[in-house]
Amino acid sequence: MTNPDRTLTGKCLCGAVQYAVADEFVYAANCHCSNCRRATGSAFKPFAGIERNKLRITEGENSLMRFGEELACDIRCKVCGSFLYSVVREGQFVHVAMGTLVDAPSIRPTEHIFVGSKAPWFTITDDLPQYEEHVTTGLDGA
């Protein structure tokens, strides 16, 4: 359950970039695709999706670095390299890298996606549903 009256804070490793985001995430998942693995340097990327206009940079806008096009890109801190969020769904949503949140969100990942290309050295040990590729269930909040 989300909390529309609560604002969460997040930041990069060095603190040059800080953001505020409404605790109104629509969905959350663990993505195991090769792109997310390479972008994070980890076995998967835990992310939470929210409308783009519900996230705002509160400090360090000039320290943002974009990889990709304006409507489909990854946003990092250009000082420390922290992966903060991805702009997705034709620029309408962002996928916040949950590890950059200072405050705990109300939402938790509900599934593993792209497990068909997960790291062979990683074993998923929880009971969340696993999908070979992308899943669209829940992406609209339903």
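Residues numbered from 1 in each chain as written. Predicted model: local features only at pLDDT ≥ 70, side-chain atom pairs only at ≥ 80, totals over all residues. Heavy atoms only, no water.

Focus: the overall build of the protein
Of the regular secondary structure elements, the protein holds 1 helix and 10 strands. Across the protein, helices and strands are ordered from the amino to the carboxyl terminus as β-β-β-α-β-β-β-β-β-β-β. Burial status across the protein gives 44% buried among its 142 residues. Long-range pairs, those at least 24 residues apart, make up 54% of the contacts in the protein between residues at least 6 apart in sequence. Per element, the accessible surface of the protein, about 7800 Å² overall, is 49% carbon and sulfur. (Helix = DSSP H or I, 4+ residues; strand = E, 2+ residues; numbered from the N terminus. Buried < 20%, exposed > 50% of the residue type's maximum accessible area, 1.4 Å probe, protein only. Contact = heavy atoms within 4.5 Å. Areas by Shrake-Rupley, 256 points an atom, 1.4 Å probe, with all protein chains shown as cover.)

A closer look at the sheet that holds strand β9 (residues 93-97)
One open sheet holds the 7 strands; their spatial order is β6-β7-β8-β9-β4-β3-β10, and the pairing between them is mixed. The two strands at the open ends of the sheet, each matched to only one other strand, are β6 (64-69) and β10 (112-113). Judged from the 2 bridges that link them, strand β3 (residues 27-31) and β10 form a sheet pairing that is parallel. If you follow Asn 30 over to β10, its bridge partner there is His 112. (Pairing = 2+ DSSP bridges.)

Topic: the confidence of the model for the protein
Averaged over the protein, the pLDDT score is 92; the fraction of residues at 70 or greater is 92%. Per-element averaging of pLDDT across the protein places strand β1 (residues 3-11) at the bottom with 87 and strand β2 (residues 18-23) at the top with 98. (pLDDT = per-residue confidence, 0-100.)

Description of the side chain of Ser 86
Along the chain, Ser 86 turns up in strand β8 (residues 83-88). Residue classification places Ser 86 among the buried residues on the basis of a relative accessible area of 5%. Here the side chain of Ser 86 touches Lys 45 through a polar contact of 3.1 Å, side chain to side chain. Each residue touching Ser 86, except ones within four places of it in the same chain, is listed here: Lys 45, Cys 73, Asp 74, Phe 93, Val 94 and His 95. (Polar contact = N/O pair within 3.5 Å; in protein donor to acceptor, adjacent residues only side chain to side chain.)

Some points on the pattern of salt bridges
Applying the stated criterion to the full structure yields 3 salt bridges. For Glu 24, the salt bridge is made with Lys 54, and the minimal N-O distance between the two is 2.8 Å. With a gap of 30 residues between them, Glu 24 in the loop between β2 and β3 and Lys 54 in the loop between β4 (45-51) and β5 (55-59) connect regions that are remote in the sequence. What you see here is one network of salt bridges that share partners, running through Glu 24, Glu 51 and Lys 54. (Salt bridge = Lys/Arg side-chain N within 4 Å of Asp/Glu carboxyl O.)

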